[in-house]
Amino acid sequence: MGLHLIVLGPPGAGKGTQAERFARERGLPKISTGDMLREAVKAQTEIGLRAKAIMDRGDLVSDEVIIDIVKERLDRADVRKGFILDGFPRTVAQAEALDRLMEGRDPLVVIDIVVPETELVRRLTSRVVCNDCGRNAEGVDPNDIGIVACRFCGGQLKQRSDDNETVILERLMVYHRDTQPLVEYYRPRSTFRAVDGSQPPHRVAAALNAAIESARQAGGAGGSGVVR
Ligand code: AMP
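Residues numbered from 1 in each chain as written. Predicted model: local features only at pLDDT ≥ 70, side-chain atom pairs only at ≥ 80, totals over all residues. Heavy atoms only, no water.

**A closer look at the domain arrangement of the protein chain**
Looking at the protein chain, the domain boundaries give domain 1 (3-116 + 165-227) and domain 2 (128-162). Here domain 1 and domain 2 have C-alpha centroids that lie 23 Å from each other. In this assembly, ten residues from domain 1 lie in contact with eight residues from domain 2. For the pair domain 1 and domain 2, the summed buried area comes to about 740 Å², and 31% of that belongs to carbon and sulfur atoms. In this structure, the connection of domain 1 to domain 2 is made through two salt bridges. For Glu20, the salt bridge identified is with Arg135, shortest N-O distance 3.2 Å. Summed over the shared surface of domain 1 and domain 2, the number is five residue pairs in polar contact (both at pLDDT 80 or more). Secondary-structure elements contributing two or more residues to the side of domain 1 that touches domain 2 are helix H1 (15-26), helix H2 (33-42), helix H3 (46-57) and helix H7 (165-186). Tallied by class, the residues present in the side of domain 1 that touches domain 2 amount to four nonpolar, one polar and five charged. (Domains from an automatic or database assignment. Contact = heavy atoms within 4.5 Å. Buried area = accessible area lost by both parts, 1.4 Å probe. Salt bridge = Lys/Arg side-chain N within 4 Å of Asp/Glu carboxyl O. Polar contact = N/O pair within 3.5 Å; in protein donor to acceptor, adjacent residues only side chain to side chain. Helix = DSSP H or I, 4+ residues; strand = E, 2+ residues; numbered from the N terminus. Nonpolar A, V, L, I, M, F, W, Y, C, P; charged D, E, K, R; others polar.)

Spelled out as C-alpha cells, the structure:
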C-alpha cells in the first residue's frame with residue numbers, strides 16, 4: 001500500500017524537518033511546494049519571478065499555479081510507492097484538487113502538527129537555513145551566520161528572507177485565514193491525526209511515526225483515494 005502523507009501545521013511547526021526525516025527513513029520523495037518555489041526563484045524562471053514578491057510579503061501563490069506544479073510532480077514515476085507533501089495543500093481549493101488527483105490511489109494520511117503561536121514566532125525569528133541545500137541548521141544562532149557552515153553540505157547559512165517579524169506575522173495571519181480551515185476539512189477522515197509539535201524534535205518524530213501507523217491501519221488498503 002502506497003503511503004500518501006500530508007503534513008499540515010503553521011509556519012514554524014517543524015513540518016519540513018519532520019517530513020525530511022521521515023522521507024529519508026522511508027525512502028520516499030518529500031514534495032515541498034515552498035522548496036520548489038524557492039528553487040524557481042533562484043533559477044529565475046517565469047513562475048519564480050512572479051512568486052518572489054508574493055513570498056516576500058508572506059502571501060500565498062495562486063491556487064492555479066501551485067496545483068499545476070503539484071499535478072506535474074505527482075505524475076513522476078518516483079511517487080509510485082508514495083510521497084510526503086510538505087506545505088501543500090494550503091487552501092481548501094488545493095485540498096479539493098488533491099482529492100481529485102488522488103482518485104484511484106491509496107488514501108491520504110493527514111497529520112496536523114500543533115504548536116502554540118508564541119513558540120512559532122520564537123522559532124521563526126531564530127531559524128537558520130542553508131542557502132544551498134535549504135535544510136534547517138538546528139541549534140545554530142543567527143549571530144553565528146558566516147562563522148558556521150551547513151552540517152549537511154558545507155554550504156553557507158542564512159535566515160530566510162520571509163523569516164522577519166513583519167512577514168512572520170503576515171504568514172501566521174494567512175495561515176489562520178486560509179490554511180487552518182483545512183484541518184476541519186480533513187478532521188472527519190479516519191486517516192487524520194494531530195500531533196503535539198511543541199515537544200523536542202525526536203519526540204515529535206516518535207509521535208508522528210505512531211500517528212502515521214495508526215492512521216494507515218484505519219485507512220486500510222484500497223483504491224478509493226478518499227477516506228471520509
Ligand atoms: P514554506 O516554505 O512552506 O513556508 O513556503 C514559503 C512560501 O511559499 C509561502 O509563504 C507561500 O508564499 C509560498 N507557498 C508554498 N507553498 C504554497 C502553497 N501550497 N500555496 C500557496 N503558496 C505556497
